[in-house]
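Take a look at the letters that make up each chain.
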Amino acid sequence: MSYPVWELYWAGGGLLIAIIAIIHVFIAHFAIGGGLFLVLTERKGLRENNQGILDYTRRHAKFFLIVTMVFGALTGVGIWFTISLVAPAATSQLIHTFVFAWAIEWVFFLAEIVAIFVYFYTFGKMEPRRHMLIGWLYFFFAWMSLFMINGIIGFMLTPGDWLTSRDFWDGFFNPSFWPALAFRTFIALILAGLYGFVTATWEKDPELRETLVRHCAKWLLVPFGFLLLSGWWYVSILPEGPKAMILGRNPEIVPYFQGFLWISALLFIGGLIMAVRMPAGIKRPMALILLAIGLFYMGSFEMIREAGRRPYVIYGHMYSNAIIKGTEDAITEAGYLQSAKWIQHREITEENKLAAGRELFRGQCSSCHSIDGPLNDIRPLTAKFGVFGMDAMISGIGRVYEYMPRFAGTPQERDALANFLVHAVHEREAPQPVQRPEQTAEVTIPPFDPDQDEYVLLAWCNLGEKCITDCDAHWSLLPPGSTLYAQLVRRDFQPEIVTENVVITYAAPPGSMDPASQVEFWDYADSLIGKDLPRNVGPTGMGLTGEMTLNPTFRTFMAGGIPVLPYADDGSLNPYPIFTFEARNAETGELLAMTQAIAPVSTEVGCHNCHGGTWRRDGAMGIAADTASDVLAVHDRRHGTTLLANAEQGSPVLCQSCHPDPLLSAEGDPQRLNLPAAIHGFHVHYLLDRPGPEPCHACHPTGPDSFTYCARGVHASEVGLTCTHCHGTLEDHALTLLKGEKQAGKPQAERLMRDLRPRVVSAVEDINPRTPWNDQPDCLSCHVDYERPASRDVSAFNDWVRGPSGLYRLRTDESGLMCQACHGPTHAEYPAVNAFHPDLDAIQPLQYQGTKGVIGSRDNCAVCHIEEMYYDFHHPNTVKY
């Protein structure tokens with residue numbers, strides 16, 4: 001933030017540093033191991049009195065001199081040049097912390113140069129013992145150069161006590177100093193053997209060539225065991241963060257880690273093969289191949305070490321974007337553009353939003369990401385996002401997966417960066433908002449004669465809107481399965497709920513009888529729910545028409561698992577199909593009562609907002625195939641699963657097969673988070689800093705601009721309540737679920753809770769944990785004694801009904817009449833407002849009393865009682881309202 005940054009978008013993301021540094025380190029380690037190789041090979045020639053070995057040593061010394069002094073020096077200068085321009089803040093920190101260490105290292109390097117020149121130019125001209133002494137001095141100076149550099153490089157990964165003491169020696173002799181020094185020494189010896197192969201295979205004398213190649217093979221093979229032991233030591237002393245990153249928490253490291261292990265085996269086998277007598281025409285290319293493999297070996301190690309520091313460039317002190325740890329909150333509050341020094345656009349306007357986003361990308365992203373470059377190209381990583389999803393991703397980076405630093409900046413700056421990535425990098429236009437149809441449904445209110453009709457049939461779907469997923473070829477989260485309820489009341493001075501000698505049937509509307517023609521659920525039912533199903537039959541064996549079953553506990557007729565879809569048979573959207581209910585005498589078949597009610601259902605699940613793709617059907621609802629595929633791909637990448645491959649082979653997954661879920665009575669794996677806790681507890685980290693119900697609208701059809709809009713009841717339409725009044729903000733909602741799982745002993749919950757802070761209550765300790773679907777807000781927490789709240793500024797959050805028996809959708813009054821029978825379903829309580837037709841959610845109130853309010857309210861007790869009532873019966877304040 002305090003230095004200008006070299007804008008290298010194509011070659012950015014640390015590419016130049018990586019290329020130059022890996023080549024330099026590959027040569028520099030050869031300069032160390034190769035120095036010892038020269039001395040001991042010369043000693044071997046003298047001991048064996050073999051002039052051929054001595055001549056080879058001299059020629060190898062020339063090769064060594066050119067490679068290490070020319071290419072090594074050039075790449076060394078190249079490193080300083082690139083890091084000072086691409087990562088100036090980290091470079092400055094290293095210089096100021098270790099200025100004397102750098103000076104000492106340069107003295108050793110100068111001594112290296114002098115020693116290797118003297119060694120080469122006096123070869124055969126100086127008394128052997130003194131000449132070897134020069135060689136030993138070179139090796140000492142080279143190794144001491146490694147000694148000094150190792151302390152500084154190790155400091156970046158494991159600064160140890162320096163973080164608190166700021167003491168030079170604490171930083172230099174950091175926790176990884178000795179294991180890293182041992183590891184690098186052994187790898188230097190191995191590289192000496194690899195470089196030795198290149199020169200040895202060009203010897204013309206076959207016997208001498210084989211002798212030298214086997215000599216080089218020992219340099220490759222003997223140190224291998226020590227290398228592996230020192231590598232284990234190296235990893236074992238790392239702090240938990242870097243160790244977890246290296247061992248798989250950062251998925252980008254996994255290929256390098258696996259590559260390092262495979263290349264270790266390849267090099268060892270290659271060394272064994274080289275020791276076998278073969279023609280020079282085979283060994284020479286093999287030597288070059290092994291040298292190239294060694295370069296990749298060195299590169300893999302360096303990439304692992306570099307990535308192990310993430311999200312820091314100096315672990316625990318400076319993030320990879322040069323922000324000092326502990327300052328990010330202040331920067332977020334003040335704004336990055338206000339805090340950074342080398343900034344052109346301090347204020348964000350509509351006119352400069354993309355330019356400001358570009359500056360934010362340069363300052364906070366370009367240290368790791370390129371644009372159209374070979375290293376960490378931001379384009380494919382952000383291709384699936386619109387502005388909302390991109391904003392959510394920026395908000396969530398560094399929270400659940402810590403290998404990226406968090407974005408430091410205001411919501412406006414985050415929006416500017418999101419717009420830059422979406423509109424400037426991808427040149428994507430803003431999508432058009434979904435248009436809700438205007439009164440497309442046809443509603444005919446069934447007849448009812450209060451003077452002649454003996455029965456009142458009340459029927460409803462237990463949810464104001466049932467949400468399902470329709471990407472069954474990939475996965476299912478909520479399979480089709482609506483639940484219908486009905487109660488038959490015999491009208492009288494003392495009405496009676498009829499449960500005997502009666503048959504109640506239901507039937508979907510014509511044109512909505514073949515849901516199997518619209519989705520693939522039935523094609524994959526065996527994989528999803530473990531059993532094949534006949535077409536258009538739900539998981540419970542119920543179809544689109546049928547006979548309801550009496551539940552004596554609730555004195556209610558029920559039909560569960562009805563495969564209702566928001567798609568008509570002709571493919572049109574129909575999220576509010578009208579079901580017909582009939583009650584008949586079980587013996588005579590006489591029609592006692594008939595009514596209608598909607599079975600609301602929606603596939604408006606907003607996965608595409610963050611996972612790419614578009615709505616599956618008519619630009620309004622449904623989960624498209626590319627969206628569903630990305631969900632599985634992300635899950636596979638983060639958790640090591642093979643869900644996408646399984647789906648592509650015809651075996652999609654039901655999420656509840658692993659994650660427990662009371663909604664489907666799914667046991668899943670009891671060690672995993674239940675599904676609502678996993679989904680909300682994870683995704684909340686990407687939707688923080690968005691107060692109110694906006695995060696809810698991103699995934700659920702709850703927003704005022706949604707197509708189906710589930711929150712149609714009186715609380716939303718007249719009182720103006722939102723999701724947050726009952727369920728809390730997304731942070732609160734997630735914490736209630738995660739805290740319940742934490743109490744169940746699941747460590748994943750505590751990890752996800754770590755950065756969450758509630759909004760409705762003051763602290764996490766005040767959150768009352770709950771079980772999803774079973775423990776829900778209590779109506780009576782606001783409607784005390786069934787009264788209307790004195791103020792609209794009330795909240796039912798944190799006051800749970802410990803269900804499921806006490807839930808509104810399952811609660812009954814003192815007479816046995818279910819609350820929903822008269823008040824309407826959850827989220828669609830009477831009088832509900834429906835944009836598809838004003839009467840859709842009020843068919844029964846209009847049928848029985850001619851008004852849209854609660855059945856029996858406002859002096860309409862005669863619907864069932866045949867007379868006006870003057871005392872409360874069903875619950876307190878019945879007559880009053």
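Residues numbered from 1 in each chain as written. Predicted model: local features only at pLDDT ≥ 70, side-chain atom pairs only at ≥ 80, totals over all residues. Heavy atoms only, no water.

(A) Structural view of the overall build of the chain. When helices and strands are counted, the chain shows 31 helices and 19 strands. The C-alpha atoms of the chain give 36 Å as radius of gyration, which overshoots the globular expectation for 881 residues (29 Å, by more than 25%). Dimensions of the chain, computed from the C-alpha atoms along their principal axes, are close to 130 × 55 × 45 Å. The 881 residues of the chain split such that 56% are buried. Counting contacts in the chain only where the partners sit at least 6 residues apart, residues at least 24 apart contribute 70% of the total. Of the roughly 38,600 Å² of accessible surface on the chain, 59% is carried by carbon and sulfur atoms. Here the chain contributes 66 positive and 91 negative side-chain charges, whose respective centroids are spaced 16 Å apart. (Helix = DSSP H or I, 4+ residues; strand = E, 2+ residues; numbered from the N terminus. Rg over C-alpha atoms; globule rule 2.2 N^0.38 Å. Buried < 20%, exposed > 50% of the residue type's maximum accessible area, 1.4 Å probe, protein only. Contact = heavy atoms within 4.5 Å. Areas by Shrake-Rupley, 256 points an atom, 1.4 Å probe, with all protein chains shown as cover. Lys, Arg positive; Asp, Glu negative; His and termini not counted. Charge placed at Lys NZ, Arg CZ, Asp CG, Glu CD.)

(B) Layout of the pattern of salt bridges. Inspection of the entire model under this criterion finds 36 salt bridges. Residues Lys353 and Asp415 are paired through a salt bridge, measuring 3.0 Å at the closest nitrogen-oxygen approach. Of this pair, Lys353 sits in helix 15 (residues 353-364) while Asp415 sits in helix 18 (residues 411-425), and the two are 62 residues apart along the sequence. Under the relative-accessibility criterion, Asp415 is labelled partly exposed at 23%. A salt bridge links Glu402 to Arg751, with the shortest nitrogen-to-oxygen separation between them at 3.7 Å. You can see Glu402 sitting in the loop between helix 17 (387-396) and helix 18 and its partner Arg751 sitting in helix 28 (residues 747-753), a full 349 residues away along the chain. (Salt bridge = Lys/Arg side-chain N within 4 Å of Asp/Glu carboxyl O.)

(C) Just the sheet that holds strand 12 (residues 578-585), in detail. Spatially, the 4 strands line up as an open sheet ordered 9-8-12-13, and their pairing is antiparallel. Here the strands that pair on one side only, and so sit at the sheet edges, are strand 9 (545-547) and strand 13 (591-598). Each neighbouring strand pair of the sheet contributes to a mean axis angle of 15°, computed without reference to strand direction. Across 3 bridges, the pairing between strand 8 (residues 502-507) and strand 9 is antiparallel. Residue pairing for strand 9: Tyr506 is matched across the bridge by Gly546. (Pairing = 2+ DSSP bridges. Axes fitted to C-alpha atoms, helices over the stretch in contact; angles between N-to-C directions.)

(D) Looking closely at the side chain of Thr158. Its location among the elements puts Thr158 in the loop between helix 5 (128-157) and helix 6 (162-165). Here Thr158 is in contact with Asn174, Pro175, Ser176, Leu238 and Pro239, once residues within four sequence places are set aside.

(E) Region of the structure containing unusual backbone geometry. Arg310 connects to Pro311 through a cis peptide bond whose omega is 10°. As for its position among the elements, Pro311 is in the loop between helix 12 (280-308) and strand 1 (312-314). Between Tyr830 and the following residue, Pro831, the backbone shows a cis peptide bond with an omega angle of -5°. Position of Pro831 among the secondary structure elements: in the loop between helix 29 (819-823) and helix 30 (843-849). Notably, Arg555 is not glycine yet its phi reads approximately 55°, a positive angle. Within the fold, Arg555 resides in the loop between strand 10 (549-551) and strand 11 (556-562). Look at Arg555 and you get partly exposed, because its relative accessible area is 34%. Here the phi dihedral of His827 falls at roughly 75°; this positive angle occurs in a residue that is not glycine. Among the structural elements, His827 can be located in the loop between helix 29 and helix 30. His827 gets classed as partly exposed once you look at its relative accessible area, which sits at 39%.

(F) Broad picture of the packing of aromatic side chains. For the structure shown, the criterion picks out 55 aromatic pairs. Measuring from ring centre to ring centre gives 5.3 Å for Phe37 and Trp219, while their planes differ by 70°; the resulting arrangement is edge-to-face. With Phe37 in helix 1 (residues 15-47) and Trp219 in helix 9 (residues 206-236), the pair connects residues that are 182 residues apart, well separated along the chain. Residue Phe37 shares its accessibility class with Trp219, and that shared class is buried. For the ring pair Phe224 and Phe268, a centre distance of 5.6 Å and an interplane angle of 90° mean the geometry is edge-to-face. Of this pair, Phe224 sits in helix 9 while Phe268 sits in helix 11 (residues 253-274), and the two are 44 residues apart along the sequence. (Phe/Tyr/Trp six-rings, centres within 6.5 Å; stacked < 30°, edge-to-face > 60°.)

(G) Representation of a nonpolar patch on the surface. Side chains of Trp169, Phe173, Trp178, Trp232 and Trp233 sit close together on the surface and give an oily, nonpolar patch of about 650 Å² of accessible area. Assessed through its relative accessible area of 53%, Trp169 is described here as exposed. (Patch = residues over 30% accessible without salt bridge, like charges linked within 9 Å, V, L, I, M, F, W, Y side chains within 5 Å.)

(H) The environment of Gly720, seen in detail. Mapping Gly720 onto the fold places it in the loop between helix 25 (714-719) and helix 26 (723-727). Counting along the chain gives 99 residues from Gly720 to Met621, while the straight-line C-alpha distance between them is 25 Å. Ignoring anything within four residues of it in the chain, the contact list for Gly720 reads His715 and His725.

(I) Looking closely at the packing of helix 9 against helix 12. It is at 14 Å that the axes of helix 9 and helix 12 come closest, and there the two elements cross at 15°. Taken together, the axes of helix 9 and helix 12 lie roughly parallel to each other. As for how helix 9 packs across helix 12, the hand of that crossing is left-handed. Judged by residue contacts, Arg209, Glu210, Val213, Phe224, Leu227 and Tyr234 of helix 9 engage Ala280, Lys283, Tyr297, Phe301 and Arg305 from helix 12. Taken together, the residues of the contact of helix 9 with helix 12 break down into 7 nonpolar, no polar and 4 charged. (Parallel < 35°, antiparallel > 145°, perpendicular 65-115°, else oblique. Left-handed = near helix turned anticlockwise from the far one by under 90°. Nonpolar A, V, L, I, M, F, W, Y, C, P; charged D, E, K, R; others polar.)

(J) Broad picture of the environment of Arg399. Its place among the elements puts Arg399 in the loop between helix 17 and helix 18. In the structure, Arg399 is positioned 116 residues away from Lys283 in sequence and 51 Å away in space, judged by C-alpha atoms. Not counting chain neighbours up to four residues away, the residues in contact with Arg399 comprise Arg406, His685, Leu688, Asp689, Arg754 and Asp755. Of the polar contacts made by the side chain of Arg399, one reaches the backbone oxygen of Ser395; its length is 2.7 Å. (Polar contact = N/O pair within 3.5 Å; in protein donor to acceptor, adjacent residues only side chain to side chain.)

(K) The pairing of strand 6 (residues 482-490), seen in detail. Most of strand 6 is tucked away, with 8 of its 9 residues classed as buried. Relative to strand 6, strand 3 (residues 455-461) is paired through 7 bridges, and the arrangement is antiparallel. Bridge assignment links Leu458 to a residue of strand 6, and that residue is Gln487. Looking at chain direction, strand 6 and strand 11 are connected through 4 bridges and run antiparallel.

In short, shape yes, function no, at least from these values alone.
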